[in-house]
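# Chains, contacts and geometry: an overview
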Amino acid sequence: MAEQRIRALREEDVPQIHGIETLCFAMPWSEASILHDVKENPVARWLVLEDGSGRVLAYAGMWFVLDEAHVCNVAVHPDFRRQGLGRRIFEALIALAQENSMRLMTLEVRRSNLAAQSLYHACGFLDVGYRKRYYEDNREDALIMFREFAYPDEAEDESPQGGLDG
């Protein structure tokens, strides 16, 4: 296998992404929805992990909304699971959020998806609540998870404490 690398998703990757979506999710995004996100959504950021020959092994996407990075998709092709690829692509997504000065990341995950939850916990995410009957296919609840970022070079408040004398 050629050297693996992580890069930004390109338009020509969309058919492969959609193929992985259909293998991994009960309610996959349509190819048109993925393409729209890649081409027309200014807040979307998607990454792929490829094998160097152009085959996509894993991908992840998020939306930047103000200072929040909301994870919308993370998937690893079933033939390449249990090799650490999910962690690699997810850590790259976290790094991208930090490079863009996001204050926090959020995501929803099925309550039954303990493998994904374990990965997210290992990457510093905390459980913060549930969305009842979130998933339309079986009405399963979603666990809401988030992670905050702190940037060491930021000062608390460098402005002088002024005010009215009273």
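Throughout this document, residue positions are counted from 1 along each chain, in the order its sequence is written. It should be noted that, the model being predicted, local features are given only for residues of pLDDT at least 70 and side-chain atom pairs only at 80 or more, the latter also being counted only at that level, while totals for whole chains, interfaces and linings use all residues. Neither water nor hydrogens contribute to the side-chain values; these are computed over all heavy atoms in the structure.

Hydrogen bonds between backbone atoms are what pair the strands of a sheet, whose relative direction is either parallel or antiparallel. At least two DSSP bridges between two strands are required for those strands to pair. Strands here are runs of E lasting at least two residues and helices are runs of H or I lasting at least four, both read from the DSSP assignment and numbered beginning at the N terminus. Strand order in the open sheet formed by seven strands is β1-β2-β3-β4-β5-β7-β6, with mixed pairing between adjacent strands. Of all strands in the sheet, those bounded by a partner on one side alone are β1 (5-8) and β6 (126-131). Mean inter-strand twist for the sheet, computed between neighbouring axes without regard to direction, equals 25°. Summarising the sheet, strand β3 (residues 56-65) and strand β4 (residues 68-76) pair through eight bridges and their orientation is antiparallel. Within the sheet, the bridge partner assigned to Gly-61 lies in β4 and is Asn-73. The criterion used for residue contact is that any of the two residues' heavy atoms lie within 4.5 Å. For helices, the axis comes from a line fit to the C-alpha atoms of the stretch in contact; other axes are also lines fit to C-alpha atoms, and the angle between any two N-to-C directions lies between 0 and 180 degrees. Contacts from helix α1 (residues 14-24) reach β2 (44-50), β3 and β4 within the one sheet, and its direction differs from that of β3 by about 95°. Against the sheet, helix α4 (residues 114-122) makes contact with β4, β5 (104-110), β6 and β7 (142-148), and its axis sits at roughly 165° relative to β5, the strand it touches most.

At a minimum axis separation of 11 Å, helix α3 (residues 85-99) and α4 run at an interaxial angle of 45°. Considered as vectors, α3 and α4 are oriented oblique to each other. For α3 against α4, the interelement crossing comes out right-handed. Contacts between α3 and α4 involve Gly-86, Arg-87 and Phe-90 from the former and Leu-119, Tyr-120 and Ala-122 from the latter. Classifying every residue of the contact of α3 with α4 by side-chain character gives four nonpolar, one polar and one charged. In these notes the angle categories are as follows: under 35 degrees is roughly parallel, over 145 is roughly antiparallel, 65 to 115 is roughly perpendicular, and the rest is oblique. In this scheme the crossing of two helices becomes right-handed for a clockwise turn of the near helix relative to the far one and left-handed for an anticlockwise turn of less than a right angle. Polarity classes work like this: nonpolar for Ala, Val, Leu, Ile, Met, Phe, Trp, Tyr, Cys and Pro, charged for Asp, Glu, Lys and Arg, and polar for all others, with Gly in that last group.

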